[in-house]
Amino acid sequence: MTHKAGFISIIGKPNVGKSTLMNALIGEKLSIITPKAQTTRHSIMGIINTDEYQVVFNDTPGIIDPQYGLQKSMMRFVDESLEGADVVLYIAEVGEKEIPAEALQRLQKTTSPVVLALNKIDTLGQEEILQKTEYWKSLFTFSSIVPISALNKFNTQALLEELVRYLPVCPPYYPKDQLTDKPEKFFAAEILREKIFFRYKKEIPYSTEVVIEQFKDEPELLRISAVIMVERDSQKGILIGEKGLALKNTGTAARKEMENFFGKKVFLEMFVKVKEKWRDTKSALKEFGYDD
């Protein structure tokens, strides 16, 4: 029996459903999801294993024109993912009118098959879907176009089968029981960062980074110590809130999701520190894992 394996880079504009789709395909919440754009900052790997194939997805940050150091590092993650991709999965909302220049440049450079997932089709009728598909054929020479609803998991299995079709015959790259390449403490940080995105407005979530300083796995308890970095004292005050209530509520929400994710009780302690202009400081970006 032949076995297929390969890397699939998931790219697209911010907030088009890349993380939602990967989570739906993997069957686990590996990428955090919020209504705000640019939630994903790293390239996050999710692996699907069967007897016939191993699909290694890379969920990447939304493609933008970067304005500062952190965003430049995020776009570097996108480009590195594309360099190693056997297949490129471009996700677009069905109502979009064009492929942004930053994305089109990357699609034109790749020599790998490019599959388009037209997302959020659940509000359209069959005739409209066919019209939209024809329109997107005029924008770029895609290898395949598959209409889906990532949120409702509509046609996602058909998309997976189409992607597997383009993978090379190859032995698995990772052990068959492996789900991701990220360590557990990475997901602890991402869960806390997700709650910050949900609970705070304007610039606060984008100015925040979470560093896990302690991740101690005991038989009955997981002890996690997290430092939340912000760029200004005023942001620190907002994050903590009056009498510490805002931070306490954020921590409670994060702890509950961590317990669900890790399958055991979690003791979470949090500290807030100021690191001025960390998003545009090379040493800070390196410290936080965004720069080589």
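Residues numbered from 1 in each chain as written. Predicted model: local features only at pLDDT ≥ 70, side-chain atom pairs only at ≥ 80, totals over all residues. Heavy atoms only, no water.

Participant: Would you take a moment to explain the pattern of salt bridges for this structure?
Facilitator: Side chains that carry opposite charge are capable of pairing whenever their charged atoms lie near each other. The final tally for this structure, using the stated rule, is 17 salt bridges. For lysine 137, the salt bridge is made with glutamate 134, and the minimal N-O distance between the two is 3.1 Å. Of this pair, lysine 137 and glutamate 134 both sit in helix H4 (residues 126–137), three residues apart, which is roughly one turn of the helix. Note on lysine 137: relative accessible area 49%, which makes it partly exposed. By relative accessible area, which is 49% here, glutamate 134 ends up partly exposed. Residues arginine 255 and glutamate 259 are paired through a salt bridge, measuring 3.3 Å at the closest nitrogen-oxygen approach. In this pair, arginine 255 and glutamate 259 both sit in helix H8 (residues 245–262), four residues apart, roughly one turn of the helix. (Salt bridge = Lys/Arg side-chain N within 4 Å of Asp/Glu carboxyl O. Helix = DSSP H or I, 4+ residues; strand = E, 2+ residues; numbered from the N terminus. Buried < 20%, exposed > 50% of the residue type's maximum accessible area, 1.4 Å probe, protein only.)

Participant: Can you help me understand the packing of helix H6 (residues 184–199) against H8 in this one?
Facilitator: Helix-helix packing is characterised by the crossing angle of the two axes and by the distance between the axes. Interhelical geometry of H6 versus H8 gives an angle of 140 degrees and a closest axis separation of 9 Å. It follows from the interaxial angle that H6 and H8 lie oblique. Considering the relative orientation of H6 and H8, their crossing is right-handed. In this structure, H6 contributes Glu184, Phe187, Ala188, Ile191, Leu192, Glu194, Lys195, Ile196 and Arg199 to the contact, and H8 contributes Asn249, Thr250, Ala253, Ala254, Glu257, Met258, Phe261 and Phe262. Its residues placed into classes, the contact of H6 with H8 shows 10 nonpolar, two polar and five charged. (Axes fitted to C-alpha atoms, helices over the stretch in contact; angles between N-to-C directions. Parallel < 35°, antiparallel > 145°, perpendicular 65-115°, else oblique. Left-handed = near helix turned anticlockwise from the far one by under 90°. Contact = heavy atoms within 4.5 Å. Nonpolar A, V, L, I, M, F, W, Y, C, P; charged D, E, K, R; others polar.)

Participant: Before we go on, may I ask you to explain the packing of aromatic side chains in this structure?
Facilitator: When we look at a pair of aromatic rings, we describe it by the centre distance and by the angle of the planes. A complete count under the given rule lists 10 aromatic pairs for this structure. On the basis of an interplanar angle of 75 degrees and a centroid distance of 6.4 Å, the ring pair of phenylalanine 7 and tyrosine 174 is categorised as edge-to-face. Separated by 167 residues along the polypeptide, phenylalanine 7 in strand E1 (residues 4–11) and tyrosine 174 in the loop between helix H5 (156–165) and H6 bring together distant segments of the chain. Plain terms: the ring middles of phenylalanine 140 and phenylalanine 142 are 5.0 Å apart, the flat faces sit at 65 degrees to each other, and that makes the pair edge-to-face. Accessibility expressed as a relative area gives 16% for phenylalanine 140, which makes it buried. Over the face of the ring belonging to tyrosine 166 we find arginine 165, whose NZ or CZ atom lies 4.8 Å from the ring centre. Sitting over the ring of tyrosine 68, arginine 279 keeps its end group 4.9 Å from the ring centre. (Phe/Tyr/Trp six-rings, centres within 6.5 Å; stacked < 30°, edge-to-face > 60°. Lys NZ or Arg CZ within 6 Å of the ring centre and 35° of its normal.)

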